[in-house]
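Letter by letter, the chains look like this.
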Amino acid sequence: MLHKLAFAISYLIASVYFLLILSPSIYCLQHGCRGPEGDAFMPAFFLTPLGTIATAVSLYNAIQQIRKRGSWFWVFWPLAIIFAIVLLGAIGFIALLIYHLSLHR
């Protein structure tokens, strides 16, 4: 029971992290972000460590559910794709942050 609760919390955190990235992105695509409007991404930047870990755990669980081939395994395919894209983006963001902090002093 505790195992399922941990995965549910992980899915919740990963979903919130995804929405915190998606909602400002849609706004910026519609209206164009200039200057301080980029501050809308700050909650997503704040949650990057926790969101990345939760997304990785959720991706792992989604892959395990796909392998089991249960009755609802097809639901986990879109989730696995979304979590993989978010995880790659977060890893790229962290790598870019490390690059800029270490080389641009």
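Read on for an overview of the structure. These numbers come from a predicted model, not from an experiment.

### A closer look at the environment of Ile13
- You can see Ile13 is positioned in helix 1 (residues 2–31).
- A relative accessible area of 24% means that Ile13 is categorised as partly exposed.
- Through-space distance from the C-alpha of Ile13 to that of Ile94 is 18 Å; in sequence the pair is 81 residues apart.
- Those residues within four positions of Ile13 in sequence are excluded, and the remaining contacts are Leu50, Gly51 and Ala54.

### Notes on the nonpolar core
- One finds Tyr11, Ala14, Ala54, Leu59, Ala62, Ile66, Phe76, Ala80, Phe83 and Leu87 forming the largest nonpolar core, which totals 10 residues.
- At the level of secondary structure, the elements contributing two or more residues to this core comprise helix 1, helix 3 (48–68) and helix 4 (76–103).
- Once residues lying within four places of it in the same chain are set aside, the contact partners of Leu87 are Thr52, Thr55, Ala56 and Leu59.

Criteria and thresholds
- Residues numbered from 1 in each chain as written.
- Predicted model: local features only at pLDDT ≥ 70, side-chain atom pairs only at ≥ 80, totals over all residues.
- Heavy atoms only, no water.
- Helix = DSSP H or I, 4+ residues; strand = E, 2+ residues; numbered from the N terminus.
- Buried < 20%, exposed > 50% of the residue type's maximum accessible area, 1.4 Å probe, protein only.
- Contact = heavy atoms within 4.5 Å.
- Core = buried A, V, L, I, M, F, W, Y, C linked by side-chain atoms within 4.5 Å.

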